[in-house]
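Summary of the model geometry
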Amino acid sequence: MQEIRQRGSRVTVEVGDWGKLTTGRPRWAFWRPKRCIFVKEGNIYQDKTAETYGIPQPRVMGEEGFDGLTWFKSHNTQDMDIATSAESQSPALAECAVKAGFQFSSSGGAVLVMANDCLTTIHPASSLRRLLEVDGLRGRVLVSEVHRCASYARYMAPPRTKSVVIGLTAQPPPGDPSPEANFKWILSTNKGSLKCKADSSGERKYCPLYGLVSLTEAGGSARRASVDDETPLPLPDALPPWMTNSP
């Protein structure tokens, strides 16, 4: 999972959305950390561009549902065996229906954990190269895949945080007067930053992660880059503005 993948926003993100990336940081707020915001300008399926250029309809993977957790982690984060972890034995975490553990380097780390996750993607990804012929899309970025889930927890560990166990409580029984209050994410630490959503209905309401590709050919050329004429390569992942050579 590339770091350019953006956090879920308040605006619904769909596969096929296209637009541009901005820094999302006004000049006067120079002390704020760099952030990257995707600004939607259109959708290739809604404006019939996908139909014109033969781009397949999005495919949903994992739509049938999955009771466990899936996660993505930063390069300085490793999975941890919670079976032998004392952290996972706390009363609150011991009662969690599902949980996962992670270890961090001395510089900290980040992890996104999702429950009942499904992935919507365009297959084959190489078909998106046809969009390089569209003048109006050249230089833009496109949402190539979207993760949707019923609940998620995004945890950012500060430096010198050794590990964390993240768990999701069991589904509240029918008739529970406050199901949402009793259905939540549990952490083994009070350090760091946690942003989370938990929905006991199981409906995939949230989009905490999506992928972007760049509609710009490497080297500025629109020529198809491929291993051979019959094996086109996927478009490159989009990069934030401060990592590109563009002004």
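We now turn to the structure provided with this report. (Residues numbered from 1 in each chain as written. Predicted model: local features only at pLDDT ≥ 70, side-chain atom pairs only at ≥ 80, totals over all residues. Heavy atoms only, no water.)

1. Re the sheet that holds strand β7 (residues 96-104)
Pairing is antiparallel in the open sheet, where four strands are placed in the order β6-β7-β12-β13. Edge positions in the open sheet fall to β6 (77-80) and β13 (185-187), since each of these has one partner strand only. Direction aside, the axes of adjacent strands within the sheet are offset by 30 degrees on average. Bridge count between β7 and strand β12 (residues 163-169): seven bridges; the pairing is antiparallel. Paired with G101 across the strands is V165, a residue of β12. (Pairing = 2+ DSSP bridges. Helix = DSSP H or I, 4+ residues; strand = E, 2+ residues; numbered from the N terminus. Axes fitted to C-alpha atoms, helices over the stretch in contact; angles between N-to-C directions.)

2. Some thoughts on the nonpolar core
I44, I55, L128, L131, L142, Y210 and L212 are the most contacted members of the largest nonpolar core, which has 27 residues in total. Of all the elements in the fold, those that place two or more residues in this core are β2 (17-22), β10 (141-149) and β15 (206-214). Counting residues in hydrophobic clusters, the runner-up holds 16 residues, among them A100, V113, I166 and A198. (Core = buried A, V, L, I, M, F, W, Y, C linked by side-chain atoms within 4.5 Å. Buried < 20%, exposed > 50% of the residue type's maximum accessible area, 1.4 Å probe, protein only.)

3. Considerations on the pairing of strand β9 (residues 118-121)
Along β9, one buried face is formed by C118 and T120 and the opposite face, lined by L119 and T121, is buried too. Here strand β4 (residues 59-61) pairs with β9 via three bridges, running antiparallel. Note on β9: the bridge partner recorded for V60 is T120. Direction of pairing for β9 relative to β10: antiparallel, over a ladder of four bridges. Residue pairing for β10: L119 is matched across the bridge by H147.

4. Let's talk about the pattern of salt bridges
Counted under the stated rule, the structure contains six salt bridges. A salt bridge links E14 to R148; the shortest N-O distance between them is 3.5 Å. In this pair, E14 is assigned in the loop between β1 (6-7) and β2 and R148 in strand β10, connecting sequence segments 134 residues apart. (Salt bridge = Lys/Arg side-chain N within 4 Å of Asp/Glu carboxyl O.)

5. Describing the environment of F38
By the element assignment, F38 lies in strand β3 (residues 37-43). Sequence separation of F38 and G19 is 19 residues, and the distance between their C-alpha atoms is 6.9 Å. Leaving out residues up to four positions away in the same chain, F38 has contacts with D17, W18, G19, K20, L21, V141, V143, Y210 and L212. (Contact = heavy atoms within 4.5 Å.)

6. Some words on the sheet that holds strand β5 (residues 69-73)
Where strands meet in a sheet, backbone hydrogen bonds hold them as pairs that are either parallel or antiparallel. Judged by pairing direction, the sheet is antiparallel, and its four strands sit side by side in the order β5-β8-β11-β14 without closing on themselves. Looking along the sheet, the strands with just one partner apiece sit at the ends: β5 and β14 (193-198). Strand-to-strand twist of the sheet, defined as the mean angle between neighbouring strand axes without regard to direction, takes the value 10 degrees. Relative to β14, strand β11 (residues 151-157) runs antiparallel, the two sharing six bridges. Opposite Y155, over in β14, you have L194 as the bridge partner.

7. Concerning the environment of S105
Relative to the assigned elements, S105 resides in the loop between β7 and β8 (109-115). Residue class for S105 comes out partly exposed when judged on its relative accessible area of 28%. At 2.9 Å, the side chain of S105 and the side chain of S107 are in polar contact. (Polar contact = N/O pair within 3.5 Å; in protein donor to acceptor, adjacent residues only side chain to side chain.)

8. Topic: the side chain of T120
Take T120: it is sitting in strand β9. A relative accessible area of 16% means that T120 is categorised as buried. Residues within four places of T120 in sequence aside, it is in contact with V15, P58, R59, V60, S144, E145 and V146.

9. Comments concerning the packing of aromatic side chains
A full pass over the atoms with the stated rule returns four aromatic pairs. Relative to F102, the ring of W71 has its centre 5.4 Å away and its plane inclined at 85 degrees; by these criteria the two rings are edge-to-face. Remark: F102 occurs in strand β7 and W71 occurs in strand β5; sequence separation between them is 31 residues. (Phe/Tyr/Trp six-rings, centres within 6.5 Å; stacked < 30°, edge-to-face > 60°.)

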